[in-house]
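# Geometric and topological summary
For reference, the chains in residue letters:
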Amino acid sequence: MSVPIFNRHAVWAIYRFEMARFMRTAVQSVLTPVITTSLYFVVFGSAIGSRMNSIDGVSYGAFIVPGLIMLSLFTEGLSNASFGIYVQKFTGTIYELLSAPISAWEMVLAFVGAAVTKSLVLGALILATAALFVPLQILHPGWMAAILTLTAITFCLFGFILGVWAKGWEQLSLIPFLIVTPLTFLGGAFYSIDMLPPAWRTVTLFNPIVYLISGFRWSFYGTADVAVGTSLAMIMVFLLICLAGVGWIFKTGYRLKN
Amino acid sequence: MPPIISISQLTKTYASGLIALKAVDLDINRGEIFALLGPNGAGKTTLINIVCGIVNATTGKVLADGHDVVREYRAARSKIGLVPQELTTDAFETVWATVNLSRGLFGCAPNPDHLEKVLHDLSLWDKRHDKIMTLSGGMKRRVMIAKALSHEPEILFLDEPTAGVDVELRRDMWALVRGLREKGVTIILTTHYIEEAEDMADRIGVIHKGELILVEDKSVLMKKLGKKLLTLQLQVPLAAIPPELAEWPLAIKAHGHELEYTFDAKADHTGIASLLRRLADLGIAFTDLHTQQSSLEDIFVSLVSDKPEMRL
Ligand SMILES: Nc1ncnc2c1ncn2[C@@H]1O[C@H](COP(=O)(O)OP(=O)(O)OP(=O)(O)O)[C@@H](O)[C@H]1O
Ligand SMILES: [Mg+2]
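Report follows, based on the coordinates.

About the criteria used
- Residues numbered from 1 in each chain as written.
- Chains lettered and ligands numbered in written order.
- Predicted model: local features only at pLDDT ≥ 70, side-chain atom pairs only at ≥ 80, totals over all residues.
- Heavy atoms only, no water.
- Pairing = 2+ DSSP bridges.
- Helix = DSSP H or I, 4+ residues; strand = E, 2+ residues; numbered from the N terminus.
- Axes fitted to C-alpha atoms, helices over the stretch in contact; angles between N-to-C directions.
- Contact = heavy atoms within 4.5 Å.
- 1 Å grid on protein atoms, 1.4 Å probe; cavity = no way out; pocket = protein on both sides within 12 Å on 5 of 7 lines; lining within 4 Å.
- Points joined across faces, edges and corners; volume = space filled by probe spheres on them.
- Nonpolar A, V, L, I, M, F, W, Y, C, P; charged D, E, K, R; others polar.
- Core = buried A, V, L, I, M, F, W, Y, C linked by side-chain atoms within 4.5 Å.
- Buried < 20%, exposed > 50% of the residue type's maximum accessible area, 1.4 Å probe, protein only.
- Phe/Tyr/Trp six-rings, centres within 6.5 Å; stacked < 30°, edge-to-face > 60°.
- Lys NZ or Arg CZ within 6 Å of the ring centre and 35° of its normal.
- Donors = N, O, S within 2.8 Å, 3.2 Å for Na, K, Ca; no water.

### Quick look at the sheet that holds strand β8 (residues 186-190) of chain B
Residue and element names in this part refer to chain B. Judged by pairing direction, the sheet is mixed, and its 6 strands sit side by side in the order β6-β7-β8-β3-β9-β10 without closing on themselves. In the strand order of this sheet, the two ends are held by β6 (80-83) and β10 (211-217), each with one partner. Geometrically, the sheet is characterised by an average inter-axis angle of 15° between neighbouring strands, direction not taken into account. Note: strand β3 (residues 33-37) against strand β9 (residues 203-208), 4 bridges, orientation parallel. Bridge pairing links Ala-35 to Ile-204 in β9. Taken strand by strand, helix α6 (residues 167-182) contacts β3, β7 (155-159) and β8, and its axis lies near 145° from that of β8.

Take a look at the structure:
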């Protein structure tokens, strides 16, 4: 029996397994972002936004849409991808993955692929919900899709690393809660960093999330806090860092094997 | 024929510094049932987990059907099925979904007919649409076995398959194992029930504190190490062993109605003939006699009796 170089049956099996897991909570996964986004629009878009000036010629309600999508993409991507692998570690069912003839990268492809699929569906849902509240405009749909996808991949990879690293449930929510959400709020999800005093503006540029949100908003409205090229470069850098992290985990067996 | 599994100089030191395996060498023959015995913490699971790719070896080499389990892990692992010691299942999945997942993971194209057969063999077919969490412990154990058999492995590891399993399931399981062996599947199992090893295994290995202290054909082992017991039913009860019989290790049993003589079955000179002659000389008559081969358990206990921490 010859052994194929790519175990497509395994990748497909894990992908379907993960998707089935998402589907079990489909109602909750669809309703949560829709309700959350609607709330943001009611509060920020209508209530507060009506008293705000438009930013760079974009109404405040429309201005926050890219940031909102990014926020969900970060947190949901992280939690979905980390949960999938963490729960297998936690329950011990990971024995089967470890004993199966699959390469590390096939495992990542399947787990991250499923989480990315869910993130993209989520992004589309939020976009559709937002379209109900504000007039949307997408100047560069190709770039929009590309940035959305690359960011989803990056954060799902990050989530995978988190799931491997976490030793307990609290650690699993630590990073999203303590780092990613604050950085997103401070990263210009709800304002343009041009609105900050110069000193704060400089500090903010050390926040990696700024580049993601800025680039994504540019694909909608053609305006950005930082140069688009810089944003794209940063997105690729984060992606590569996460890929390297995953590679390192598998090379050393870190927290997966004794 | 080359061995189907070849383990050489395998050592494992866990991160805690604990040495779980010390230079283990072991060959498993194609198509045999090999039983690995040893007390808790001996290193049985560690050994199995290294072969299956769940634990990394510290040093040493393992070949499965000629493939290095680290460098050629795809070829090696696709031949191996594992039923781990712990019951770990995806609670929310159905039985059918989980066996399909297992088959896919091992690189096999879907084959509902095979899976149906496996589920029938394990009396799981009626439960195929049930969520695993709704099954009883014994049923979950069956699911784990079904998962391991889903990709038609040539080598099957059963790590304490009968722990906490009722008589019926145990009987089913052994029937299944025998059936697999007839099809040429090699089976390596660990157990704490020595009578199981005695019943099932072709060969037996004993591991103790990370060292493989014995590997032997079961029959040879029983012959080589087996003590035999000669029991004589006495016509007239004896109160004490007469001093004329002091040179034989004898014991009085059943309130003096029985005389027991333990002898080494492998010895050239068992001493039975001279004992019987002496008894006749002394006029001690007996109505019946029989000999009895000691069980594997006796062998096992005697084997490690110089290691007092051994518990079974
Ligand atoms: N992940 C681990 N980290 C550190 N030590 C471990 C680990 N897993 C097992 N050990 C130790 O290695 C030794 C061998 O354990 P192992 O599980 O292989 O024994 P076993 O023979 O399977 O025992 P049992 O009959 O109880 O299943 C034990 O002392 C155990 O405590
Ligand atoms: Mg064990």
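### Section: empty space enclosed by the protein
Counting across every chain of the model gives 5 cavities of 30 Å³ or more. As for the largest cavity, its lining consists of 14 residues, of which Gln-88, Thr-93 and Glu-96 of chain A together with Asp-90 and Leu-101 of chain B are closest to the centre. Listed by contribution, the elements that provide at least two residues to the lining of the largest cavity are α1 (8-24) and α4 (94-99) of chain A together with α3 (95-105) of chain B. The element best represented in the lining of the largest cavity is α4 of chain A, accounting for 3 residues. Residue classes in the lining of the largest cavity are distributed as 7 nonpolar, 4 polar and 3 charged. Taken as a whole, the second largest cavity holds about 60 Å³ of empty space. Contributing to the lining of the second largest cavity are Ile-5, Ile-7, Leu-26, Ile-28, Leu-36, Leu-47, Ile-48, Val-51, Phe-157 and Ile-188 of chain B. When residues in the lining of the second largest cavity are grouped by element, the largest group, 3 residues, is from helix α1 (residues 44-52) of chain B. Its residues assigned to classes, the lining of the second largest cavity shows 10 nonpolar, no polar and no charged.

### As for the nonpolar core
With 144 residues, the main nonpolar core has Ile-5 and Phe-157 of chain B as its most contacted residues. Counting residues per element, this core draws most heavily on helix α3 (residues 60-91) of chain A, which supplies 14 residues. Look past the residues within four positions of Phe-157 of chain B in its chain and what remains in contact with it is Ile-5, Ile-48, Val-51, Cys-52, Ile-80, Gly-81, Leu-82, Val-83 and Ile-188 of chain B.

### Some details on the packing of aromatic side chains
Per the counting criterion, the structure on display carries 15 aromatic pairs over all chains. When the centroid spacing of 4.2 Å and the interplanar angle of 25° are considered together, the rings of Phe-74 of chain A and Phe-155 of chain A count as stacked. Of this pair, Phe-74 of chain A sits in helix α3 while Phe-155 of chain A sits in helix α6 (residues 141-165); the two residues are 81 residues apart in sequence, bridging distant segments of the chain. Like Phe-74 of chain A, the residue Phe-155 of chain A is buried in the burial classification. Ring-pair connections join several aromatic residues into one group, and the members of that group are Phe-83, Tyr-86, Phe-90 and Trp-169 of chain A. Arg-217 of chain A extends its terminal NZ or CZ atom over the ring of Phe-63 of chain A, reaching a point 3.6 Å from the ring centre. Here the guanidinium or amino end of Arg-128 of chain B rests over the ring plane of Trp-125 of chain B, the centre of that ring lying 3.8 Å away.

### Concerning the coordination of the magnesium ion (ligand 2)
All names here are of chain B. Taken together, the protein donors to the magnesium ion (ligand 2) comprise Thr-45 (OG1) and Gln-85 (OE1), at separations of 1.8 to 2.1 Å. With Thr-45 in helix α1 and Gln-85 in the loop between β6 and α3, the pair connects residues that are 40 residues apart, well separated along the chain. A relative accessible area of 29% means that Gln-85 is categorised as partly exposed.

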